[in-house]
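Secondary and tertiary structure notes
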Amino acid sequence: MSEIDKRNRLSEEPFTYQITKNGTVTINYKGKQIKVVKDKEAERLIARIKAVENNKLEVQLLLAKITGNFKRGNEKMGKNKRK
């Protein structure tokens, strides 16, 4: 985990989630709703969360990955990169 979260931002638990009655998952970052996951993607996310629910850092990592947060910087360089 130390290689993934080098600045220890996930240990602060910035992400929260809520599973609704109809099976959608709302993901919040520092109290603000940032993503709603529905249908099959929500089912997969719920299953993954339940598999690691006793490890808070793993849950935070799952939520960070699905939102795409903490991925800023060089992800746009691949398409426009010139040699």
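Note: the structure precedes this text.
Each chain has its residues counted from 1, following the order in which its sequence is written. Selection of residues for local features in this predicted model requires a pLDDT of at least 70, selection of side-chain atom pairs for listing and counting requires 80 or more, and totals for whole chains, interfaces and linings are taken over all residues. Note that the side-chain values use all heavy atoms of the structure and ignore hydrogens as well as water.

Here the focus is the overall build of the protein. Going along the chain from the N terminus, every DSSP run of H or I of four or more residues is numbered as a helix, and every run of E of two or more is numbered as a strand. A tally of regular secondary structure across the protein gives three helices and three strands. Ordering the α and β elements of the protein from the N terminus gives β-β-β-α-α-α. Classification of the 83 residues of the protein by burial places 27% in the buried group. In the protein, 41% of the contacts between residues at least 6 apart in sequence involve partners at least 24 apart. What sets the accessible areas is the Shrake-Rupley method with a 1.4 Å probe; for residues, cover comes only from the shown protein chains. Carbon together with sulfur atoms contributes 45% to the accessible area of the protein, which is approximately 6800 Å² in total. Using a 1.4 Å probe on the protein chains alone, a residue whose accessible area is under 20% of its type maximum counts as buried, one over 50% counts as exposed, and one in between counts as partly exposed. Contacts are assigned to residue pairs that have any heavy atoms within 4.5 Å of one another.

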